[in-house]
Amino acid sequence: MRNPFLRRTDSRQVYYTVNDRFDLSMFIAVLTLLALVFLAIYSSTQNTVIEKGNFLKQSIAVVFSLVVFTVIYNLPTQLIKKSSVPLYIFSIILLIAVLVAGRKVGGAKAWLYFGSFSFQPAELAKVATILFLANFLSRNQTQIDSIKDIFYTLSISGVPVLLILMEPDLGSSLVFAGMLVTMVFWKGISLFGLFLVLSPALVMGAALFGGLYFFLALMIVLAGLIFFKRDLFFSGSILAVNIAAGFFVDFVYDVLSPHQQKRIASFLDPSSDPLGSGYNSIQAKIAIGSGGMFGKGFLSGNQTQLQFIPEQWTDFIFCVIGEEFGFAGSITIMVLYLILFIRILRIANMSKYQFHSLVAVGVLSVFFTHFVINVGMAIGIIPVIGIPLPFISYGGSSLLINMTMLGILFNIYRTRKNYS
Amino acid sequence: MNSERVTNINRSGILITIIVFVALVYTVRLFQLQIVEHTRFDKESTENSVKAIDLTPLRGVFYDRNRELLVENTPAYTIRITPAYYDTSNNRILEKIAGLDPGAIRTILKKNKDYSKFTPIKIKRGVTFTSVAWVEENSELLHGVDYIIELQRGYPAGVHGSHIFGYSKEVSKNQINADQYYTAGDLIGYNGIERKYESVIRGIKGKTFIIVDSKGREISKFKEGYQDIPSIKGIDLVLGIDAEIQRIAEENLKGKAGAVVAIEPKTGQILAMVSAPDYDLNEFSYVTSRDYLRQLATNPDKPQFNRATMSLHPPGSTFKVLCAAIALDMGVIDENTTLYCAGGFTFGRFFKCHGGVHGSINVTRAIEKSCNSFFYQLIFKIGLDNLHEYAKRFKVGVKTGIDIFEETGGLIPNTKYYEKTFGKNWPQGVLVSLGIGQGEISLTPLQLAFYTALIANDGKSFSPHIVKGYLDENKNFAPNVVNEVNTGLKKSAFEIVKKGMFLVVNGAGTATHVRIPGINVAGKTGTAQNPHGKDHAWFIGFAPFEDPQIAICVLVENSGFGGTHAAPIAKKMFESYLLRDKKEIKGQDAKSLLAKN
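Rules of the game
Residues numbered from 1 in each chain as written. Chains lettered and ligands numbered in written order. Predicted model: local features only at pLDDT ≥ 70, side-chain atom pairs only at ≥ 80, totals over all residues. Heavy atoms only, no water. Helix = DSSP H or I, 4+ residues; strand = E, 2+ residues; numbered from the N terminus. Buried < 20%, exposed > 50% of the residue type's maximum accessible area, 1.4 Å probe, protein only. Contact = heavy atoms within 4.5 Å. Buried area = accessible area lost by both parts, 1.4 Å probe. Salt bridge = Lys/Arg side-chain N within 4 Å of Asp/Glu carboxyl O. Polar contact = N/O pair within 3.5 Å; in protein donor to acceptor, adjacent residues only side chain to side chain. Nonpolar A, V, L, I, M, F, W, Y, C, P; charged D, E, K, R; others polar. Axes fitted to C-alpha atoms, helices over the stretch in contact; angles between N-to-C directions. Parallel < 35°, antiparallel > 145°, perpendicular 65-115°, else oblique. Phe/Tyr/Trp six-rings, centres within 6.5 Å; stacked < 30°, edge-to-face > 60°. Lys NZ or Arg CZ within 6 Å of the ring centre and 35° of its normal. Arc of directions from axis to C-beta. Pairing = 2+ DSSP bridges. Core = buried A, V, L, I, M, F, W, Y, C linked by side-chain atoms within 4.5 Å. pLDDT = per-residue confidence, 0-100. Patch = residues over 30% accessible without salt bridge, like charges linked within 9 Å, V, L, I, M, F, W, Y side chains within 5 Å. Areas by Shrake-Rupley, 256 points an atom, 1.4 Å probe, with all protein chains shown as cover. Left-handed = near helix turned anticlockwise from the far one by under 90°.

## Description of the overall build of chain A
Within chain A, the regular secondary structure consists of 16 helices and 3 strands. Burial statistics for chain A: of 420 residues in total, 56% are counted as buried. Contacts spanning at least 24 positions in sequence make up 71% of the contacts within chain A whose residues lie at least 6 apart.

In structure tokens:
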């Protein structure tokens, strides 16, 4: 029988081993994570009445997303770049659609329903933005340190962020921020350029906390401008943009309904709502801490089985692993992610095309930001922000998009030695 | 395509550093949580899911003096709703079945909406077996509806005893705050003995430990109930009440307004206490229907009012006995002192005597004939403030200290009182009617019964009390400790007065129809003037004369003359109490006793 991996794609290159066309160690790491999903989601939902169907739903999603992964893996690589603009426009349309026609789940208008099928446009926007941003940044004429291109870069990522903030979904917005910073950094932005990119984000974030923080952030920006010693007019405009950004946040906040404002307030200060996110944070720590070295055993975690942690099959799934499989289980998960991250970075380093390299780093930043926020909040290092853990958390949209991004990476890996 | 490669290794190194740094920080944090602080979190996680639930003990039961069970605990069905599973469209039909008012379930659910949706809420206690059977049959349609068996009070002896026993109610928020024993939904004695002895009969709560989930749903018993603490039943009470004469008193007051109090003179124990009309404690054994409460509230005779210990009326002629004893003790008269009755007495105006002209009359005859003129004059010899002070010694005009909270003190006026009411120059004429128990004097039937008991027992007894003693789980009896009451009057004073009371029944007195063959009864009738309608009839008495074992006071409101309406009830009680089981009463022949006087 013919080896499916042994296929001649052009006259000069012949692939002899699996690893030539397929990053096996990364794939095994991901498969292990997917296997853990089944354990964790089964454990966390088997006692619930409403969520019991999650296990089956997630199984279907896993099968479906593996199919999608295979399809994308085998697509012609050129298609990835070509699809970036239409995909971006399509995802922006969906993000607007969800604000108009979306259904409210858990206080955020983040879901589009097509019959019994539901989808989170913010997930699609992640891939679309990575591709479009990589496309833009990899153009020959793009000067990453030019103010004009920085403005374009900010706009490309800013449009989806603003739309997602209006849902409101702060977790996903943070993922876009991480993506933007990582990609422009990879592109080779200068320190000053990075400063220009980061300063509005800093000011906008500070503005959420109130006037004093807004003022302090502006002082930091001013100090930076003095440090970089650009001309007065230029520095003045940057300061003006920053001030405008701060007031824009204020304006958006006022437009939001009181319920959304409350959500943001409790996001900024979990202790302001101890029975809400503060409670979750405490219960999450208890669950993980009580797991000990080897955990309480599968299906034996009382925090999990007695449902002391809300959303334990999505945002707090790491607690299930921590409680039932202990320190050993937690570290295993960490190692698997570490393999994933380093293998992706390896792809970014070995790609011949800047577009591919930027896409790989963009995907890395999305996975990494998810990981940092999700695990960090479960172990009480980061405030509670609703964001899934890649591959492990329950959720079809998230898994599908993660597998799509993985498919793109593997596609890039497959054709890395091709020259056109 | 553009072939410019990103070759900035330095940037890749920075990214790797960031990734490894975060992984290290998270590993250290996980080590801290799962290894270093594991013990603390493990403990917290256990405490999270183990919940202690109070086990309500059985309330102590009440026996009568002959150990007949008066108040017991009987099983009753309680219907509950678990809001998480309950469909409110069933409200109407469930309300009908449980006998609730329309809209009641909504109100109850609203009241409890702050609690976990998985905690069952009691919607109706004490439902009938038919209702429970219906719930059971339709359980498939009634998700979230179940029933439990709880214990409620039952009254097996056929004795109402409404005002003695009292009933329990669900604790109020204030009561929960005041006493940490209670939690929401507990019952607490509301009146009568149930309230006064609450701390004794409520028992000691136990605890059962269960495993609950984050929503408070019960999952299983903790360690198979190995660590459970059983509740300890409350202490049983033995009452001084004699069920038989209590029943007789209740039956004979049926349809009337009035009160009966019977006391054992030597001990101060209450043998019977009835206030009529009374009410059905069974209606209060759990949640009382609104209809029944409305019925009680609108009854003009106020069934919930304890007439025996709270109603205030002038004692009428029954008070003469007390005046006579006081005068004799003070020495202002002796047995032979005679005062003159010319068919009345003039002090400012003419005060009439009844029964014609008695002429010169001594104290025993004055009691026998109930001669008003004698006592009109006697009160001036005693003096207002002496009367007040002496009365206090008999617990007359002050609270007797009976062991229920429902009691009023009554009034024996003194100089101060009149000065306050009429001013410094108050008319001395008001005193005249005090001598015959009219005017401002107002007393409770209990006070009259108790001073009758004191007179019967030569001025010594114990504070009137309902609870004779306690029974522990092994039926060991421990007596109730009560204060001794000693009026300190001369014994001779009582002997003379008692002679007069003997003559009332056995001579040519006003209660001759109370005579009982074989028992020597002594008594005194009275009629309290009632400006609002027919007079109130009084009778006080004790028997047997030689060795008093029971003292009784009967009040029948709005009936007329005491001898006709009140005394016969006392007679039936004497007969029952003293002649029960054909007990031999070693009484002297009444005629020979009469001959001595």
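Further notes follow.
## Some remarks on the overall build of chain B
Counting its regular elements, chain B contains 23 helices and 23 strands. Looking at chain B residue by residue over its 597 residues, the buried ones come to 53%. Pairs at least 24 residues apart make up 71% of the contacts formed inside chain B by residues separated by at least 6 positions.

## Concerning the interface of chain B and chain A
Listed per partner, the contact involves 39 residues of chain B and 53 residues of chain A. At the boundary of chain B with chain A, total buried surface from both sides reaches about 4100 Å², with 67% on carbon and sulfur atoms. At the junction of chain B and chain A, the tally comes to 0 salt bridges. The interface formed by chain B and chain A holds 10 residue pairs in polar contact (both at pLDDT 80 or more) in total. At the level of secondary structure, the elements contributing two or more residues to the side of chain B that touches chain A comprise helix H1 (9-36), helix H2 (38-49) and strand S8 (206-212) of chain B. Tallying contributions element by element places H1(B) first for the side of chain B that touches chain A, with 18 residues. Looking at the side of chain B that touches chain A residue by residue, the class counts come to 19 nonpolar, 11 polar and 9 charged.

## Considerations on the packing of helix H13 (residues 318-330) of chain B against helix H16 (residues 384-393) of chain B
Relative placement of two packed helices is described by the angle separating their axes and the distance separating the axes. Residue and element names in this part refer to chain B. Interaxial distance between H13 and H16 falls to 11 Å at its minimum, and their mutual angle equals 105°. When the axes of H13 and H16 are compared, the pair comes out roughly perpendicular. In this structure, H13 contributes Phe 319, Cys 323, Ile 326, Asp 329 and Met 330 to the contact, and H16 contributes Asn 386, Leu 387 and Tyr 390. For the contact of H13 with H16, the per-class residue count stands at 6 nonpolar, 1 polar and 1 charged.

## Description of the packing of aromatic side chains
Within the structure shown, the criterion is met by 41 aromatic pairs over all chains. On the numbers, 6.0 Å between centres and 35° between planes, the contact of Phe371(A) with Tyr26(B) is tilted. Here the residue Phe371(A) occupies a position in helix H15 (residues 354-378), and Tyr26(B) occupies one in helix H1, the pair thus bridging two chains. Each member of the pair, Phe371(A) together with Tyr26(B), is buried. Summarising the aromatic geometry, the rings of Tyr418(B) and Trp426(B) are spaced 4.8 Å apart at their centres and angled 20° between planes, so their arrangement reads as stacked. Both residues of the pair, Tyr418(B) and Trp426(B), belong to the buried class. Ring-pair connections join several aromatic residues into one group, and the members of that group are Phe22(A), Phe27(A), Phe69(A), Tyr73(A) and Phe410(A). The ring of Tyr73(A) has Arg414(A) lying over it, and the distance from NZ or CZ to the ring centre is 5.6 Å. When the ring centre of Tyr390(B) is taken as reference, the NZ or CZ atom of Arg393(B) above it lies at 4.5 Å.

## Comments concerning the side chain of Asn252(B)
Residue and element names in this part refer to chain B. Mapped onto the elements of the fold, Asn 252 is located in helix H10 (residues 243-253). The class for Asn 252 is buried, based on a relative accessible area of 16%. Within the local environment of Asn 252, its side chain forms a polar contact with the backbone oxygen of Ile 248, the two atoms lying 2.7 Å apart. When sequence neighbours within four positions are dropped, the list of residues in contact with Asn 252 reads Ile 569 and Lys 572.

## What to know about H16(B)
Residue and element names in this part refer to chain B. Along H16, the positions that sit buried rather than exposed are Leu 384, Leu 387, His 388, Tyr 390 and Ala 391. Where the residues of H16 are buried, they touch H13, helix H15 (372-382), helix H17 (415-422) and helix H18 (430-434). Just beyond H16, the residue with positive phi is Lys 395, at close to 60°.

## With respect to the environment of Gly161(B)
As for its placement among the helices and strands, Gly161(B) is situated in the loop between strand S5 (145-154) and helix H6 (162-165). Those residues in contact with Gly161(B) that sit more than four places away from it in its chain are Gly166(B), Gln246(B), Glu250(B) and Leu281(B).

## Observations regarding helix H5 (residues 129-137) of chain B
All names here are of chain B. Taken as a whole, H5 has its buried residues at Ser 131, Val 132 and Val 135. Down the axis of H5, the buried set is contained in an arc of 95°. They therefore lie on one face. Seen from the open side of H5, the exposed residues pointing more than 90 degrees away from its buried face are Phe 129, Thr 130 and Glu 137.

## Notes on the pairing of S8(B)
All names here are of chain B. The element S8 is largely enclosed, with a buried count of 5 among its 7 residues. As judged from the 3 bridges shared by S8 and strand S9 (residues 218-221), these two strands associate in the antiparallel manner. Each residue of the ladder has a partner; that of Ile 211, found in S9, is Ser 220.

## Let's talk about the nonpolar core
One finds Phe371(A), Phe391(A) and Leu406(A) to be the most contacted residues of the largest nonpolar core, which totals 132 residues. Sequence-distant contacts of Phe371(A), that is, excluding residues within four places in its chain, are made with Met334(A), Tyr337(A), Phe341(A), Gly376(A), Leu389(A), Pro390(A), Val22(B) and Tyr26(B). In terms of nonpolar packing, the next biggest core, distinct from the first, is built from 131 residues, Phe62(B), Tyr155(B), Tyr292(B) and Ile550(B) among them.

## Re the sheet that holds strand S23 (residues 550-556) of chain B
All names here are of chain B. On the basis of which strands lie adjacent, the open sheet formed by 5 strands has the order S12-S11-S23-S22-S21 and antiparallel pairing. With one partner strand each, in any of the chains shown, strand S12 (270-276) and strand S21 (522-528) form the two edges of the open sheet. Shown here is a sheet whose adjacent strand axes are inclined to one another by a mean of 5°, direction ignored. Pairing between S21 and strand S22 (residues 536-543): 7 bridges, direction antiparallel. In the sheet register, Ala 522 faces S22, and the bridge partner there is Phe 542. Strand contacts of H10: strand S11 (258-263), S12 and S23, with the helix running at about 20° to S12, the strand carrying the most contacts.

## Some points on the pattern of salt bridges
All names here are of chain B. Summed over the entire model, instances satisfying the criterion amount to 23 salt bridges over all chains. Arg 59 serves as the salt-bridge partner of Glu 194, at 3.0 Å between the closest nitrogen and oxygen. Separated by 135 residues along the polypeptide, Glu 194 in helix H8 (residues 192-196) and Arg 59 in the loop between strand S1 (50-55) and strand S2 (62-63) bring together distant segments of the chain. Note on Glu 194: relative accessible area 0%, which makes it buried. Since its relative accessible area comes to 11%, Arg 59 is described here as buried.

## Quick word on the confidence of the model for chain B
This prediction gives chain B a mean pLDDT of 85; 93% of its residues lie at or above 70. Contacts for the low-pLDDT stretch residues 1-9 of chain B, under 50 throughout, to residues beyond four places or in other chains number 17 contacts.

## What about the environment of Ala456(B)?
Residue and element names in this part refer to chain B. Note on placement: Ala 456 falls in helix H19 (residues 445-456). On the basis of relative accessible area, Ala 456 is assigned to the buried category, the value being 3%. When the C-alpha positions of Ala 456 and Glu 546 are compared, they lie 9.3 Å apart, and in sequence the two are 90 residues distant. Each residue touching Ala 456, except ones within four places of it in the same chain, is listed here: Pro 265, Lys 498, Phe 542 and Pro 548.

## Things to note about the side chain of Ser12(B)
When you line up the elements, Ser12(B) lands in helix H1. Apart from the residues lying within four places of it in its own chain, the contact partners of Ser12(B) are Trp186(A), Leu345(A) and Asn349(A).

## Description of unusual backbone geometry
Residue and element names in this part refer to chain B. Omega for the bond connecting Ala 276 with Pro 277 falls within 30 degrees of zero, at -5°, which places this linkage in the cis form. Positionally, Pro 277 belongs in the loop between S12 and helix H11 (290-298). Note that the residue after Ala 543, namely Pro 544, is joined by a cis bond; omega there is -15°. Mapped onto the fold, Pro 544 is located in the loop between S22 and S23. The backbone of Asp 458 shows a phi angle near 55°, a positive value even though the residue is not glycine. With a phi angle near 50°, Asn 558 is a residue other than glycine that sits in the positive phi range.

## Here we look at a nonpolar patch on the surface
Residues and elements named next belong to chain A. On the surface, a cluster of nonpolar side chains totalling about 810 Å² of accessible area is made up of Phe 209, Leu 212, Tyr 213, Phe 215, Leu 216, Met 219, Leu 222 and Ile 226. Among the elements that make up the nonpolar patch, the one with the highest residue count is helix H9 (residues 211-228) (7 residues). When you line up the elements, Leu 216 lands in helix H9. Its relative accessible area of 43% is what places Leu 216 among the partly exposed residues.

## Looking at the packing of helix H4 (residues 78-101) of chain A against helix H5 (residues 121-137) of chain A
Residues and elements named next belong to chain A. It is at 8 Å that the axes of H4 and H5 come closest, and there the two elements cross at 145°. Considering only the axes of H4 and H5, their crossing is left-handed. Only Pro 121, Ala 122, Leu 124, Ala 125, Ala 128, Thr 129, Leu 131, Phe 132 and Asn 135 of H5 make contact with H4, whose side of the interface consists of Ile 80, Lys 81, Ser 83, Ser 84, Val 85, Leu 87, Tyr 88, Phe 90, Ser 91, Leu 94, Leu 95 and Val 98. Classifying every residue of the contact of H4 with H5 by side-chain character gives 15 nonpolar, 5 polar and 1 charged.

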